[in-house]
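# Commentary on secondary and tertiary structure
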Amino acid sequence: MTLRIAEIFGPTIQGEGALIGAPTVFVRAGGCDYRCAWCDSLHAVESRFRHEWTPMTAAEVWARVTALSGGRPLTVSLSGGNPAIQDFAPLITMGKAEGYRFALETQGSVAQDWFAALDMLILSPKPPSSGEVVDWVRFDACVTAADTAAAAMKIVVFDEADYLWAREAADRYPDLPLYLQPGNHTPPPPEEQDAVIDMDGVLARMEWLVERTLADGWFRPRILPQLHVLIWGNKRGV
């Protein structure tokens, strides 16, 4: 069995959500069942880039992770695309035997039994600005599949409609730690390695999101920037 891998990079830091700042190696899977309007990783989503994805066995992926990390355990983040559409169970088993930790981020559209083997499952339902519609039955199945693994919800917010949607989504899952972050309205074209970004616009959205949430007296979410965007902009592989 092989995995479709778009890229493996690091060590770097996790730029968002529950593990922000944590030293991390990223394993980015190729392929996704969503097509979000503002996706910032289309090179790992659109089928026209399949020729750039590398078929790798779990052992080959693991060899690359250990080479990058120097054999020193850290967090391995499974991202995409949507990594949940592939079987990462063997890779997780290999890594955990050597003391590594595993996190996975998914929109919550495909549940897998091996979610329970993760150290952290980040569920990121997509708001109206994405152009996608969340199937909450499938999302519920992902929450259930996490079992004893830590789970959290992260929602990207672009505008007022997204903000109001995020409040409703959060009410569905009162027990999940909640993270909000402003969206990047200038995502990189998939052909570019370091595209221009409207940093002033991103920071303005961050300021608006903080002020909007606090003015509402909604104190449940942690409001965080995309730290990697603040440091590197739209640069890929960091």
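Conventions and cut-offs
Residues numbered from 1 in each chain as written. Predicted model: local features only at pLDDT ≥ 70, side-chain atom pairs only at ≥ 80, totals over all residues. Heavy atoms only, no water. Buried < 20%, exposed > 50% of the residue type's maximum accessible area, 1.4 Å probe, protein only. Helix = DSSP H or I, 4+ residues; strand = E, 2+ residues; numbered from the N terminus. Arc of directions from axis to C-beta. Contact = heavy atoms within 4.5 Å. Pairing = 2+ DSSP bridges. Axes fitted to C-alpha atoms, helices over the stretch in contact; angles between N-to-C directions. Salt bridge = Lys/Arg side-chain N within 4 Å of Asp/Glu carboxyl O.

## Description of helix α2 (residues 89-97)
Among all positions in α2, only L91, I92 and G95 are buried. Taken around the axis of α2, the buried residues stretch over an arc of 95 degrees, which confines them to a single face. What points out from α2, more than 90 degrees from its buried face, is the exposed set T93 and A97. Packing partners of the buried residues in α2 comprise α1 (58-69), β4 (75-79) and β5 (101-106). Looking one or two residues beyond α2, the residue adopting positive phi is G99, at roughly 90 degrees.

## Quick look at the sheet that holds strand β2 (residues 23-29)
For sheets, the rule is that strands pair by backbone hydrogen bonds, running either parallel or antiparallel. If you walk across this open sheet you meet the nine strands as β3-β1-β2-β4-β5-β6-β7-β8-β10, and the pairing is mixed. Two strands close off the open sheet at either side, each with one partner strand: β3 (54-56) and β10 (222-223). Here β5 pairs with strand β6 (residues 120-123) via four bridges, running parallel. From the neighbouring strand, E105 faces β6, where its bridge partner is I122. With respect to the sheet, α2 is in contact with β4 and β5, its orientation differing from that of β5 by roughly 150 degrees. Relative to strand β8 (residues 178-182), helix α5 (residues 199-215) is tilted by about 140 degrees, and along the sheet it contacts β7 (150-157), β8 and β10.

## Brief notes about the pattern of salt bridges
Per the stated rule, a full pass over the model turns up ten salt bridges. Taking the shortest distance from any N to any O, the salt bridge between D119 and K96 comes out at 3.6 Å. Residue D119 is found in the loop between β5 and β6, and its partner K96 is found in helix α2; the two are separated by 23 residues along the sequence. Note that R138 is salt-bridged to D135, the shortest N-O span being 3.8 Å. Note on D135: relative accessible area 36%, which makes it partly exposed. What you see here is one network of salt bridges that share partners, running through E160, R167, R212 and D216.

Honestly, it's all geometry; don't read function into it.
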